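# Observations on the three-dimensional arrangement
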Amino acid sequence: MTPPPVPFLDLERSQRDLYEEFDAAWRSITRSARYVGGPVVEAFEGAWAAEHGLDHAVGVANGTDALELVLRGLGIGPGDEVVVPANTFIATAEAVLAVGALPHFVDVDPDTLLVTASTVASGITDRTAAVIVVHLYGQAADMTAITALASRRGIAVVEDCAQAQGAQWDGRAVGTFGVAGCTSFYPGKNLGAFGDGGAVVTRDAALARAVRSFGDHGRSEIFKYEHPVVGRNSRLDALQAAVLLVKLPHLQAWNTHRRNAADQYSQRLGEEPGITLTRQAPASTSVHHLQVVRVDDRDRAQADLAAEGIGTAVHYPFPCHQQKGYAVMPRAGVLETEATSPRLLSLPMFPGIDREEVDRVCDVLIASVRGSSA
Ligand SMILES: *Cc1c(COP(=O)(O)O)cnc(C)c1O
């Protein structure tokens, strides 16, 4: 009998016990007639700020907007450059272009696949206004060294925490080191809504006000139809906030489940010749959004896993600076990113994945890698 398939991601498994709560929460919104903003959005914003030990959280329409509105709030625009990792989801760079600034792509560390103070420094020019640090795959980047560099060089630090909800650097939540922490509640994130959503956290009250105003048609706080700045529409729906309020109390347990699966992957694969795992700094507490390994014959490994019913993905097959619309953007020595991307493979990882499934993924991957080096 062939064993059951292992999905790359099963969003449904971890939330099976919560359907009654989702239904009740949605029913109350249906009847409240407060669909955009309102008390449920405010309650979630309060809970999300508290999760970070900060005073301000602003719900927005998605994670890309969270980044864009923060850059706008910082006054970043045409003529400015923003340092961005070449190894990230394209949205990080999109947000920079959306405000009229230029992303300046920098390389990542070969162990963590994250930016470091020295790779960030390589992309700083006299036009640099900020760096967007991406806590990719759930790991925390070195915020001690990067914030020290940024304050020396007089640039702002914005954190892209879309893949790192609950992650910590040196015991402190990511998103609390820079001027703002931006996140996405896209369904596949560690804390996902039933559609798009995003948020900004910050300790800077003026920045929080600016983000809220830009995302709400540039409204003044006093008069609904006075628009002192040119804004746009990027707000969090009450239905999404209601889902997030139900899910938030479970985030830590879900992240622990991911950590246990990651530990099992590293026990099985860590010493295996031909398979390289990311190696985190001791100060990083990862939330294992993705289980990324590197293998020489990635396409063969992916095909061998698929033949056994095991789902995988690649994050990301092309570095940002090689995407069509981004080919002319400045970059600084992105050699590690270029060498790594053809070898990247993301294995099944989600809360609810069981030990037999992880073992089966490891068995098939090890056989594939041993076979291709034989
Ligand atoms: C998902 C993601 C985003 C964008 O979030 P959206 O809600 O899809 O706009 C930004 N950065 C990173 C690293 C992401 O993974």
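Residues numbered from 1 in each chain as written. Predicted model: local features only at pLDDT ≥ 70, side-chain atom pairs only at ≥ 80, totals over all residues. Heavy atoms only, no water.

- As annotated in an unreviewed UniProt entry, the chain carries the name DegT/DnrJ/EryC1/StrS family aminotransferase and comes from Kineococcus mangrovi.
- The UniProt entry for the chain carries this comment under Sequence similarities (unreviewed entry): "Belongs to the DegT/DnrJ/EryC1 family." (UniProt positions renumbered as here; feature names shortened; annotations may be inferred.)

## Describing the sheet that holds strand β12 (residues 291-295)
- Pairing in this open sheet of three strands is antiparallel, and the strands run β10-β12-β14 from one edge to the other. In the strand order of this sheet, the two ends are held by β10 (275-277) and β14 (344-347), each with one partner. Neighbour-to-neighbour, the strand axes of the sheet open up by a mean angle of 35°, direction not taken into account.
- Of the pairings in the sheet, the one linking β12 to β14 comprises four bridges and is antiparallel in character. Paired with Q291 across the two strands is L347, which belongs to β14.
- Across the sheet, helix α9 (residues 251-269) is in contact with β10, β12 and β14; its angle to β10 comes to roughly 145°.
- Strand contacts of helix α10 (residues 298-307): β12 and β14, with the helix running at about 25° to β14, the strand carrying the most contacts. (Pairing = 2+ DSSP bridges. Helix = DSSP H or I, 4+ residues; strand = E, 2+ residues; numbered from the N terminus. Axes fitted to C-alpha atoms, helices over the stretch in contact; angles between N-to-C directions. Contact = heavy atoms within 4.5 Å.)

## Some words on the nonpolar core
- Counting residues in hydrophobic clusters, the biggest one holds 70 residues, and the most contacted among them are L71, V82, F105, I132, V133 and V211.
- Taken domain by domain, this core gets at least three of its residues from each of domain 1 (12-249) and domain 2 (250-373).
- When near neighbours in sequence (up to four residues on either side) are disregarded, F105 contacts V84, P85, A86, A93, C320, H321, Y326, M329, P330, R331, A332 and V334.
- Core analysis: the next-biggest nonpolar cluster, separate from the first, contains 25 residues, A25, L54, A241 and L251 among them. (Core = buried A, V, L, I, M, F, W, Y, C linked by side-chain atoms within 4.5 Å. Buried < 20%, exposed > 50% of the residue type's maximum accessible area, 1.4 Å probe, protein only. Domains from an automatic or database assignment.)

## Section: the domain arrangement of the chain
- Each assigned domain of the chain is listed here: domain 1 (12-249) and domain 2 (250-373).
- Distance between the C-alpha centres of domain 1 and domain 2: 25 Å.
- The interface of domain 1 with domain 2 comprises 49 residues on the first partner and 44 residues on the second.
- Of the roughly 3800 Å² buried at the junction of domain 1 and domain 2 (both faces included), carbon and sulfur atoms supply 59%.
- Three residues stand out in domain 1 for area buried against domain 2, namely F105, Y137 and N190, and they jointly supply 19% of the buried area on that side.
- Connecting domain 1 to domain 2 are two salt bridges.
- Secondary structure elements with two or more residues in the side of domain 1 that touches domain 2: β2 (81-85), α4 (91-98), β3 (102-106), β6 (168-169) and α8 (238-247).
- Here the element with the most residues in the side of domain 1 that touches domain 2 is β3; it accounts for five residues. (Buried area = accessible area lost by both parts, 1.4 Å probe. Salt bridge = Lys/Arg side-chain N within 4 Å of Asp/Glu carboxyl O.)

## Points about the sheet that holds β6
- Read across the sheet, three strands follow the order β7-β6-β11 without closing on themselves; strand pairing throughout is antiparallel. With one partner strand each, in any of the chains shown, β7 (172-173) and β11 (284-285) form the two edges of the open sheet.

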